[in-house]
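Structural characterization, general
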Amino acid sequence: VWLLARRYGADRATLAKVIRELLTNDTFVFEDRATLQETLQRFEREPANFADQLIGTAARRLGARFTLTFDRALKKSDLFAVLGV
């Protein structure tokens, strides 16, 4: 995702479309497709990048109330608690 955004200038809508196409293609096998699908849904409606969404979503699905971060941009997400704020 990072490569598509930074190197090729893909916007969020394009990134979401590519990820969705990968997730719906049976050629690809994912460790936890459900977590990736939830991450994609959050990515489409919240400002955090896909990697941050994936970290927070995976932790939540494993039982964490939130994931600690120093990234102030994540302060509005229910997945994260920002340290030092």
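Residues numbered from 1 in each chain as written. Predicted model: local features only at pLDDT ≥ 70, side-chain atom pairs only at ≥ 80, totals over all residues. Heavy atoms only, no water.

The next thing to look at is the layout of surface pockets. One number sums up the size of the largest pocket: a volume of about 190 Å³. Residue lining of the largest pocket: Val1, Trp2, Ala5, Arg6, Arg12, Leu15, Phe43, Asn49, Phe50 and Ala51, and that is the complete set. Every element with two or more residues in the lining of the largest pocket is listed here: helix 1 (2-6), helix 2 (12-23) and helix 4 (50-61). Residue contributions to the lining of the largest pocket peak at three residues, all from helix 1. Classifying every residue of the lining of the largest pocket by side-chain character gives seven nonpolar, one polar and two charged. Of the pockets and cavities examined, the second largest pocket occupies roughly 170 Å³. Where the lining of the second largest pocket is concerned, the elements lending two or more residues are helix 3 (33-45) and helix 4. (1 Å grid on protein atoms, 1.4 Å probe; cavity = no way out; pocket = protein on both sides within 12 Å on 5 of 7 lines; lining within 4 Å. Points joined across faces, edges and corners; volume = space filled by probe spheres on them. Helix = DSSP H or I, 4+ residues; strand = E, 2+ residues; numbered from the N terminus. Nonpolar A, V, L, I, M, F, W, Y, C, P; charged D, E, K, R; others polar.)

Relative to the elements of secondary structure, Thr39 occurs in helix 3. Not counting residues up to four positions away in its chain, the partners in contact with Thr39 are Phe50, Gln53, Leu54 and Thr57. (Contact = heavy atoms within 4.5 Å.)

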